[in-house]
Amino acid sequence: MDYRLLGRTGVKVSPLCLGVMLFGHGRLGGGIDVDGAARMLQVAFDAGINFIDTANVYSRGQSEEILGEALKRTGQRSRVVVATKVHGTMADDDPNMGGTSRRHVIEQCHASLKRLQTDYIDLYQLHRPRTDIPIDETLRALDDLVRDGKVRYIGTSTYAAWQFVEALWVSKEYGLNRFVTEQPPYNILDRRIERELLPMAQTYGVGILPWSPLAGGLLTGKYKRGEGAPEGSRYAARPDRSRRMTEGIYDVIEGLQPLADGKGCTVAQFALAWAMNQPNITSPIIGPRTLEQLEDNLGALQVSLDDSDREVVDALMPPGTHVSLFYEANFGTSEYRW
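Since this is a predicted model, take the numbers as computed values, not measurements.

**Q** Whenever I open this one, unusual backbone geometry confuses me. Can you help?
**A** For residues besides glycine, phi is generally negative; the peptide bonds are generally trans as well. Phi is positive for serine 59, which is not a glycine, with a value near 55°. Residue placement: serine 59 occurs in the loop between β4 (51-53) and α2 (62-74). Positive phi, close to 55°, is recorded for glutamine 117, a residue that is not glycine. With respect to the secondary-structure elements, glutamine 117 resides in the loop between α3 (102-116) and β6 (121-126).

Dropping the structure here:
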């Protein structure tokens, strides 16, 4: 296993991260219970995976609860790097149960620790940027959690390059622990992070943990031109995201199939191998719903790409461009002033 450094931390993580958003039975859950989760974890561990990502908002805490119990059953907590996130709304009737205020961050860290049945969180991430909350408010809360030993490292998800650099400046200005990772969407259908975010990450030693490396399933090969979303698929269940299914995606998908066939792998395995081996990428996050999907994803670890493969992908989807919308968040000018 080609373990990689997690940013500047010295911690080594596997080149694929197991995302467990589908643990649980909530709106985002995949119906995976503790027994199923424990089986998935063991298969991943046997393949050398030592990195797991979740969030408090996934099925409103169920993902963390199931992960915590499954980790307890496997007895592997000390060998695993566990990442979770805070920001999403955890109660619809309380305006303070969401966001990145000091109150919410500290409260939800304690709640996540309890659900995960652990004394510490390896990587605690802000799930999205907030332009209405000063970043120093959030960083001071995260710094306290690190100093208390409840969190070891901190990171972000779906931040613009300027927002991440602003946070680094604030950390330096006030002597606070700094973000060490960023978790952006990145796949062959949306390569926009290559414009500014990846150069920034290389400059400042930031680990990049792409989410949706398979474009929410669009790069699995099961989506065909003119057929719409397959029954039971993520895009069939979430018609609000159907705008990502543009006509241009099929040109890319159809162009990837011969590459995958030539290597004796699936399109999904090829797409994961591509993301895994792009410059400045640490560990793409996979999100399997079944053991079969997990085993297919893990097969990407055995796929080797060369320069000619990358040239074909670049011709299908030029660097820095996109045909499907994934890299979207609150990237506007901050509403607060220093």
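**Q** Would you take a moment to explain the packing of helix α1 (residues 34-46) against α2 for this structure?
**A** Helix packing for two helices is described by the angle between their axes and how far apart those axes are. The geometry of α1 relative to α2 is characterised by a closest axis approach of 9 Å and an angle of 60° between their N-to-C directions. Comparing the axis directions of α1 and α2 gives the class oblique. Crossing handedness for the pair α1 and α2: right-handed. Every residue of α2 that contacts α1 at Val34, Asp35, Ala37, Ala38, Leu41, Gln42 and Phe45 is listed here: Ile66, Leu67, Glu69, Ala70, Leu71, Arg73 and Thr74. Among the residues forming the contact of α1 with α2, the class breakdown is nine nonpolar, two polar and three charged.

**Q** When you look at the packing of aromatic side chains in this model, what are you seeing that I'm missing?
**A** We describe a pair of aromatic rings using the distance from one ring centre to the other and the angle between the two ring planes. Tallied over the entire structure, the rule returns four aromatic pairs. Ring centres of tyrosine 159 and phenylalanine 179 lie 6.4 Å apart, and the angle between their planes is 65°; on these two criteria the pair is classed as edge-to-face. With tyrosine 159 in the loop between β7 (151-157) and α5 (161-174) and phenylalanine 179 in strand β8 (residues 179-183), this residue pair connects regions lying 20 residues apart in the sequence. Taking relative accessible area as the criterion, tyrosine 159 reaches 4% and is therefore assigned buried. A ring pair is formed by tyrosine 327 and phenylalanine 331, whose centres lie 5.0 Å apart and whose planes are at 55°; its orientation type is tilted. Accessibility expressed as a relative area gives 12% for tyrosine 327, which makes it buried. Linked through ring pairs, Tyr159, Phe164 and Phe179 together constitute an aromatic cluster. Positioned over the ring face of tyrosine 120 is arginine 77, at 4.3 Å from the centre of the ring. A cation over a ring is seen here: arginine 152 above tyrosine 120, with NZ or CZ 3.6 Å from the ring centre.

**Q** What am I meant to see in the pairing of β8 here?
**A** Where a strand is regular, its side chains alternate between the two sheet faces. Counted residue by residue, β8 has five buried out of five residues, so it is predominantly covered. Across four bridges, β7 lies against β8 in parallel orientation. The partner of glycine 155 across the bridge, within β8, is threonine 181. At this point the chain moves from β7, through α5, to the parallel β8, and the crossover so formed is right-handed. Taken together, the two bridges between β8 and strand β9 (residues 207-208) define a ladder with parallel strand orientation. Within the sheet, the bridge partner assigned to glutamate 182 lies in β9 and is isoleucine 208. Between the parallel pair β8 and β9, the chain is carried across by helix α6 (residues 197-204), and the sense of this crossover is right-handed.

Calculation notes
Residues numbered from 1 in each chain as written. Predicted model: local features only at pLDDT ≥ 70, side-chain atom pairs only at ≥ 80, totals over all residues. Heavy atoms only, no water. Helix = DSSP H or I, 4+ residues; strand = E, 2+ residues; numbered from the N terminus. Axes fitted to C-alpha atoms, helices over the stretch in contact; angles between N-to-C directions. Parallel < 35°, antiparallel > 145°, perpendicular 65-115°, else oblique. Left-handed = near helix turned anticlockwise from the far one by under 90°. Contact = heavy atoms within 4.5 Å. Nonpolar A, V, L, I, M, F, W, Y, C, P; charged D, E, K, R; others polar. Phe/Tyr/Trp six-rings, centres within 6.5 Å; stacked < 30°, edge-to-face > 60°. Buried < 20%, exposed > 50% of the residue type's maximum accessible area, 1.4 Å probe, protein only. Lys NZ or Arg CZ within 6 Å of the ring centre and 35° of its normal. Pairing = 2+ DSSP bridges. Right-handed = clockwise from strand over helix to strand, strands pointing away.

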